[in-house]
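Survey of secondary and tertiary structure
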Amino acid sequence: MATKKSDKLYKELKNEKNKKDAPTNDESVEGKIFASCSFSSLGLHPTLCDQLRERMGFEVPTLVQAQAIPVILSGRHVLVNAATGTGKTVAYLAPIIHHLQNYDHRIERSDGTFALVLVPTRELCLQVYEILQKLLHRFHWIVPGYVMGGENRSKEKARLRKGISVLVATPGRLLDHLKNTSSFIYSKLRWIIFDEADRILELGFGKEIEEILDHLDTRTTNDTMTKHSGVSRQNLLLSATLNEKVNHLAKISLENPVTIGLDDKTAEKKSKIESLSPSESDEDNEDQYPSKIPSSSIGDYKVPTQLIQRYVKVPCGSRLPALLSILKYLFEREPSQKIVVFFSTCDAVDFHYSLLSEFEFSFHPQTEAENKQMFLGCKIFRLHGNMQQEDRRTTFQSFKTEKAALLLSTDVAARGLDFPNVRCIVQYDSPGEATEYVHRVGRTARIGERGESLLFLQPVEIDYLQDLEKHGVSLTELPLLSVFDSFPLYGQKNHIKKFVAIESHPWVLCLQKALESFIMSKPKMDKSAKTGFCSWVRAYTAHRGELKKIFMIKKLHLGHVAKSFALKQQPSLVGKSYGKQTKKRKRFHKQGEISKRRKVSSVTKCRP
Ligand SMILES: Nc1ncnc2c1ncn2[C@@H]1O[C@H](COP(=O)(O)OP(=O)(O)OP(=O)(O)O)[C@@H](O)[C@H]1O
């Protein structure tokens, strides 16, 4: 029951942030989303422009589209780095469709695949495929298709045999078909696009990508030559966080690429040109377009300028009541919205999903039983990599169409997914790498819309803010006590001392107690909480590099971690089962399964 007082607090925070972020003249270009030109002035075919307007509702191109489309039309290899939600998908699909529909001889299914879009996740694969379908509505002879993990191989083989002109794929399954589906024709392949290129590599697909490039005979033998002959090839790499990790991929797949958005000065210059004709864009300016990602791009990541980014400092033992209170507060402030909460593991998603779907609470204990109601009244979804493919697909589609809902997810939803009307991103478990922070928050504030994000940090993790700062990302604090104060307890508003600690706030104590009783009364939930706890601890110890110094399990009180899963047990009790699992794992490793297991666990964490 968020009150007017807290609404006022929110508005004040927002105004403060807006004042701070009000664009100066210099920044206005950066904050701008749309270009002041038309799709047709970029050189796209009139039918495609009609399609963009009528079917997609796109009147004018975004800035990145205005910059990228002419260059891609010109046939140059391209690296695109632009903030999340700025329209990169259409930026690469539109020029490809333009060329395909323009061929002298209409392309046929028997010609096989002309364009290949590689994406890191299944959901992104489906999303790109759907956009492709819309764009191809009037070009029925150009056939879109997809292949991805979790789908029926034989059905995919049959579709490939018939012929797919533009194929969207996840790397593993694509490689499988390249090796095993002899009827898959790709001799006329002209485009390879790596959407979310850095993530494809982070997920450990580097080897697969090299093998794919070898199969497609498209790997560069040196900086300027490709092995293939005949069809001219054009490769494109895109992400909001292209960084030095992509250099190797860029080197082996791109020839003299044009870089868009990597160097702010170049981007600004290009944005002023806006409608650049293909002939003006290329060869003469080769020096301007290095094949290596410039180091200036490595420091700062681009987040949407209108995004309000905040953090809350929450002691470990109060994390769960804090999460529930914030979610309730956000939905009461704006009932018709969507919120995504990110967790570090599949088990943590499952636990919180069951909890939030079942937890009832009485805000007026005097009349307890009859007055119990669901703590959150909204629809709740979950998404992670251990779910059945069909459930993943249903969740993805349903959450897209819902007007108000909550999605609990692992990083499987962090990249590229475009859910309309998501107003807030909550990062309950910290993302680790700054790149993942950027992509997670990028699920809101898309295409110039408003959005806010909230990062949960424990007091011992506060240095993570400095790590984000290094990448040009700065956050302001949300005063959590004001959120708690907004909840009436025992039928009245709290009248508590002003500077009470979070963990001793009456609302927090009351909610924690109710949560613990609830978990104790449900053996299934109790089991799920313990599993969630164990995998959470494991994930916490998996932070890499510099982040290891910030996210140190040794600094945490495991009893408080257990509390954050509403577990009353002493940590030793829960710790025993964790210990047992660790021992079991060690035995398993000794039996020579180590490499296989590592692969599985990294998949569970990274491709969750
Ligand atoms: N020219 C346009 N006019 C209006 N809306 C557009 C335009 N181009 C794209 N969009 C919409 O903008 C949203 C974001 O597009 P898209 O998913 O391609 O962004 P992105 O830059 O790839 O984001 P991410 O980096 O998160 O993958 C989508 O809902 C898309 O339909």
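To be clear, the structure that these remarks concern was listed above.
To keep things clear, this report deals only with the structure shown in the data block. (Residues numbered from 1 in each chain as written. Predicted model: local features only at pLDDT ≥ 70, side-chain atom pairs only at ≥ 80, totals over all residues. Heavy atoms only, no water.)

Let's shift gears to the overall build of the protein chain. Scanning the protein chain from N- to C-terminus turns up 24 helices and 16 strands. Buried positions account for 55% of the 608 residues belonging to the protein chain. Of the roughly 26400 Å² that the protein chain leaves accessible, carbon and sulfur atoms contribute 50%. (Helix = DSSP H or I, 4+ residues; strand = E, 2+ residues; numbered from the N terminus. Buried < 20%, exposed > 50% of the residue type's maximum accessible area, 1.4 Å probe, protein only. Areas by Shrake-Rupley, 256 points an atom, 1.4 Å probe, with all protein chains shown as cover.)

Right, let's get into the side chain of Lys338. Topologically, Lys338 is positioned in strand S9 (residues 338-342). We note that Lys338 is buried and unpaired, the nearest opposite charge coming from Glu402 at a distance of 7.6 Å. Polar side-chain contacts of Lys338 include one of 2.8 Å to the backbone oxygen of Phe399. For Lys338, the residues in contact, after removing those within four places along its chain, are Phe399, Lys400, Thr401, Glu402, Lys403, Ala404, Ala405, Pro420, Asn421, Val422, Arg423 and Cys424. (Lys, Arg positive; Asp, Glu negative; His and termini not counted. Salt bridge = Lys/Arg side-chain N within 4 Å of Asp/Glu carboxyl O. Polar contact = N/O pair within 3.5 Å; in protein donor to acceptor, adjacent residues only side chain to side chain. Contact = heavy atoms within 4.5 Å.)

Right, let's get into the pattern of salt bridges. Taken as a whole, this structure holds 31 salt bridges when the rule is applied. Here Glu156 and Arg173 are joined by a salt bridge, their closest N and O atoms 3.0 Å apart. Taken as a pair, Glu156 in helix H7 (residues 153-162) and Arg173 in helix H8 (residues 171-180) lie far apart in primary sequence, 17 residues in all. Salt-bridge contacts for Arg423 lead to Glu449; the nearest nitrogen and oxygen are separated by 3.3 Å. Residue Arg423 is located in strand S14 (residues 422-427), and its partner Glu449 is located in the loop between helix H17 (434-441) and strand S15 (451-457); the two are separated by 26 residues in the primary sequence. Judged by relative accessible area, which is 12%, Arg423 ranks as buried. Counted as one network, the salt bridges with shared partners bring together Glu196, Asp198, Arg199, Glu202, Arg415 and Glu436.

A cluster of nonpolar side chains, contributed by Phe34, Val60 and Ile447, occupies part of the molecular surface with about 220 Å² of accessible area. For Ile447, the position within the fold is in the loop between H17 and S15. (Patch = residues over 30% accessible without salt bridge, like charges linked within 9 Å, V, L, I, M, F, W, Y side chains within 5 Å.)

Evaluated as defined, the whole model comprises two cavities of 30 Å³ or more. In this structure, the largest cavity spans a volume of roughly 70 Å³. Taken together, twelve residues form the lining of the largest cavity, with Arg310, Leu330, Glu452, Leu454 and Leu478 sitting closest to its centre. Secondary structure elements with two or more residues in the lining of the largest cavity: helix H13 (319-333) and S15. It is H13 that contributes the most residues to the lining of the largest cavity, four residues altogether. Taken together, the residues that form the lining of the largest cavity break down as eight nonpolar, one polar and three charged. (1 Å grid on protein atoms, 1.4 Å probe; cavity = no way out; pocket = protein on both sides within 12 Å on 5 of 7 lines; lining within 4 Å. Points joined across faces, edges and corners; volume = space filled by probe spheres on them. Nonpolar A, V, L, I, M, F, W, Y, C, P; charged D, E, K, R; others polar.)

The next subject is the state of the cysteines. A full pass over the atoms with the stated rule returns zero disulfides. Left without a disulfide partner, Cys37 is nearest to the cysteine sulfur of Cys49, which lies 11 Å away. (Disulfide = S-S within 2.5 Å.)

Once that is clear, we can look at the nonpolar core. By size, the foremost hydrophobic cluster in this structure holds 79 residues, and its most contacted members are Val341 and Leu406. At nine residues, the largest contribution of residues to this core is made by H13. With residues near it in sequence (within four places) discarded, Val341 still touches Leu323, Leu327, Leu406, Leu407, Leu408, Ser409, Val426 and Tyr428. Grouped together as the second largest cluster of nonpolar side chains are 70 residues, Val119, Leu124, Ile131 and Leu132 included. (Core = buried A, V, L, I, M, F, W, Y, C linked by side-chain atoms within 4.5 Å.)

For the rest of this paragraph, the subject is the site of the ligand. Inspection of the region around the ligand gives 20 residues, with Gln65, Gly85, Lys88, Thr89 and Asp418 positioned closest. Here an oxygen atom of the ligand sits 3.0 Å away from a polar atom, N or O, in the main chain of Thr86. Protein chains bury 87% of the 640 Å² of accessible surface belonging to the ligand in isolation. For the shell around the ligand, the per-class residue count stands at seven nonpolar, eight polar and five charged. (Near = heavy atom within 4 Å.)

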